[in-house]
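Here are the chains, one letter per residue:
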Amino acid sequence: MRKSIKRKVDIVLGKIKWVNNLMANNSECKASVRFLNKQEIYKANQFHMSFPGYEKTPLRSLSHLAQLLGVSGIYVKDESYRFGLNAFKVLGGSYAMARYMAEKLQKDISELPFGEITSQRIRAQLGDVTFATTTDGNHGRGVAWTARQLGQKSVVYMPKGSSPRRLENIRAEGAEAKITDYNYDDTVRMIAEESVEKGWIMVQDTAWQGYEDIPTWIMQGYGTMAAEALEQLNEIKIQQPTHIFIQAGVGSLAAAVQGYFASVFAASRPKTVVVEADQADCLYKSVKAGDGKARIVGGDMATIMAGLACGEPNTIGWNVLRDYSEMFMSCPDWVAAKGMRILANPLGSDWKVVSGESGAVTTGALVELMQSEQLKQAQTALGLNKDSIVLLFSTEGDTDPDQYRSIVWDGAYPSYK
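Since this is a predicted model, take the numbers as computed values, not measurements.

A. Structural view of the overall build of the chain. Along the chain, the regular secondary structure elements total 18 helices and eleven strands. By the compact-globule yardstick of 22 Å for 417 residues, the chain fits well, its C-alpha radius of gyration being 20 Å. Its C-alpha atoms put the chain at 70 × 45 × 45 Å along the principal axes. Relative to its full complement of 417 residues, the chain shows a buried share of 62%. Counting only carbon and sulfur atoms, one obtains 48% of the accessible surface of the chain, whose full area is about 16800 Å². The positive charge centre, built from 46 side chains, and the negative charge centre, built from 46, are 5 Å apart in the chain.

Written out as structure tokens, the structure reads:
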């Protein structure tokens, strides 16, 4: 019965696609990851720690799921607890905004902890600043929240198809926000043009020639999450994970995690699997082409994984992922939905994790990788076995509660028919 169901999934539903990254093994001159080393991430971590209410987000052990899948351990970093914003994105935006302000003041970021950077004295020196960004929801909310904390303004544009609930959450943080008639990448271009015209400071994790400082700082801000996860593993006597599954939109988050672990562990770094939505799998397509050049995916990119619906890679992130990541996976929506249901309905005494569409796709991908005969070759290529320790990042909670319930409660986007 199990085999017939699996066969029907492959026929009726979209398949998971995967490709080994041969460029990581053949590259003689790898992209530098020094900007994501311990020293740089320490600066970002210290800045975040200065925020009132800062706490490490929990690292959840899913030992029963690990036993079921035949690996030694599965650990999920639950970012739904981050600063009460239900997603990790604020880490990048807040640090980039602080670094921008530090540059304007000709100060080191270490001189501007939260209490200082939000002071009237600093605000008087800087004057009025408007921070602008494009977002599917989580990043924009983080930028709006940080701007409000800093006593500054924010403008947030969202691509067509964005969740009205996420829009309202952004407006609730004091931002001027709207949903456009364009896809994500075209909305980025729109906000970039308006920022030049109106003197706004664009806070975007998409990098291109001439716009690299802020995306770099955003990636360093994301490094706080990676550093916390490693420290939490060390606290339970695990020196390092053997495998990391990390989701990607433009690739900034994935590259930040990849770069940090590659910097810390060098040649003994964990094997990293980069997971994308199949409607926006620009990195997968880039690796499959195998010539080192980034590919672009256009169109509506209609996927429930709104946070991953980005078709143009961050150029900085692409270089890191190209040179250090072992495998890339392109996943249909049902994989994310399956991951959401698995995390919401844990086995035995495993922790329940409320994870949104973009947060749970790595869990769905891991389970399929370990249980599907069609993906056996990929499992073997990664060396996933009884000794493997897998680290996952649930990057968002139920940021769209209605959609979350339709999937977890009502079974939308089933993994078999």
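B. Representation of the pattern of salt bridges within the structure. The final tally for this structure, using the stated rule, is 25 salt bridges. For the salt bridge of Arg166 with Glu357, the shortest nitrogen-to-oxygen distance reads 3.4 Å. On the criterion of sequence distance, the pair formed by Arg166 in helix α9 (residues 164-172) and Glu357 in helix α16 (residues 357-371) is long-range, its members being 191 residues apart. When sorted by exposure, Arg166 lands in the same class as Glu357, which is buried. Among the charged side chains, a salt-bridge network with shared partners connects Lys77, Glu79, Arg82 and Glu228.

C. Quick look at the packing of helix α11 (residues 213-235) against helix α12 (residues 252-265). Orientation of α11 relative to α12, taken along the N-to-C sense of each, is 55 degrees, at an axis distance of 8 Å. Put simply, α11 runs oblique to α12. In the packing of α11 onto α12, the handedness of the crossing is right-handed. Residues Met219, Tyr222, Met225, Ala226, Ala227 and Leu230 of α11 form the contact with α12, whose own contacting residues are Ser252, Leu253, Ala255, Ala256, Val257, Tyr260, Phe261, Val264 and Phe265. Here the contact of α11 with α12 is composed, by residue class, of 14 nonpolar, one polar and no charged.

D. The arrangement of the sheet that holds strand β7 (residues 201-202) in detail. Read across the sheet, four strands follow the order β6-β5-β4-β7 without closing on themselves; strand pairing throughout is parallel. What marks the edges here is a single partner per strand, and that holds for β6 (176-179) and β7. Examined bridge by bridge, strand β4 (residues 130-134) and β7 share two bridges and lie parallel to one another. Bridged to Phe131 within β7 is Ile201.

E. Molecular detail of the environment of Gly251. Note on placement: Gly251 falls in the loop between β8 (243-247) and α12. Separated by 31 residues in the primary sequence, Gly251 and Gln220 have C-alpha atoms spaced 13 Å apart. Every residue in contact with Gly251, bar those within four places of it in the chain, is listed here: Leu283, Gly317 and Leu321.

F. Geometry of unusual backbone geometry. You will see that Ala266, though not glycine, has its phi angle at about 50 degrees, which is positive. In this structure, Ala266 sits in the loop between α12 and β9 (271-277). For Ala266, a relative accessible area of 45% translates into the label partly exposed.

G. The packing of aromatic side chains, seen in detail. This structure, assessed with the given rule, holds twelve aromatic pairs. Between the aromatic rings of Phe261 and Phe265, the centroid separation amounts to 6.2 Å while the plane-to-plane angle is 15 degrees, which identifies the pairing as stacked. Taken together, the residues span about one helical turn, with Phe261 and Phe265 both in helix α12 at a distance of four residues. Each of the two residues, Phe261 as well as Phe265, counts as buried. An aromatic cluster is present here, built from Phe47, Phe51, Tyr54, Phe83, Tyr95, Phe114 and Trp145 joined pairwise through their rings. Seen from the ring of Tyr324, Lys30 lies directly overhead, with NZ or CZ sitting 5.1 Å from the centre. Lying across the ring of Trp409, Arg405 places its NZ or CZ 5.9 Å from the centre.

H. Here's a closer look at helix α8 (residues 138-150). With 13 residues, α8 extends 18 Å from end C-alpha to end C-alpha; this agrees with the ideal 18 Å at 1.5 Å per step. Among the 13 residues that make up α8, eleven are buried, leaving the element largely enclosed by the rest of the structure. If you check which residues of α8 are buried, you get Asn138, His139, Gly140, Arg141, Gly142, Val143, Ala144, Trp145, Thr146, Ala147 and Leu150. With its phi angle positive at about 75 degrees, Gly151 sits one or two positions after the end of α8.

Definitions and cut-offs
- Residues numbered from 1 in each chain as written.
- Predicted model: local features only at pLDDT ≥ 70, side-chain atom pairs only at ≥ 80, totals over all residues.
- Heavy atoms only, no water.
- Helix = DSSP H or I, 4+ residues; strand = E, 2+ residues; numbered from the N terminus.
- Rg over C-alpha atoms; globule rule 2.2 N^0.38 Å.
- Buried < 20%, exposed > 50% of the residue type's maximum accessible area, 1.4 Å probe, protein only.
- Areas by Shrake-Rupley, 256 points an atom, 1.4 Å probe, with all protein chains shown as cover.
- Lys, Arg positive; Asp, Glu negative; His and termini not counted.
- Charge placed at Lys NZ, Arg CZ, Asp CG, Glu CD.
- Salt bridge = Lys/Arg side-chain N within 4 Å of Asp/Glu carboxyl O.
- Axes fitted to C-alpha atoms, helices over the stretch in contact; angles between N-to-C directions.
- Parallel < 35°, antiparallel > 145°, perpendicular 65-115°, else oblique.
- Left-handed = near helix turned anticlockwise from the far one by under 90°.
- Contact = heavy atoms within 4.5 Å.
- Nonpolar A, V, L, I, M, F, W, Y, C, P; charged D, E, K, R; others polar.
- Pairing = 2+ DSSP bridges.
- Phe/Tyr/Trp six-rings, centres within 6.5 Å; stacked < 30°, edge-to-face > 60°.
- Lys NZ or Arg CZ within 6 Å of the ring centre and 35° of its normal.
- Expected span 1.5 Å × (residues − 1).

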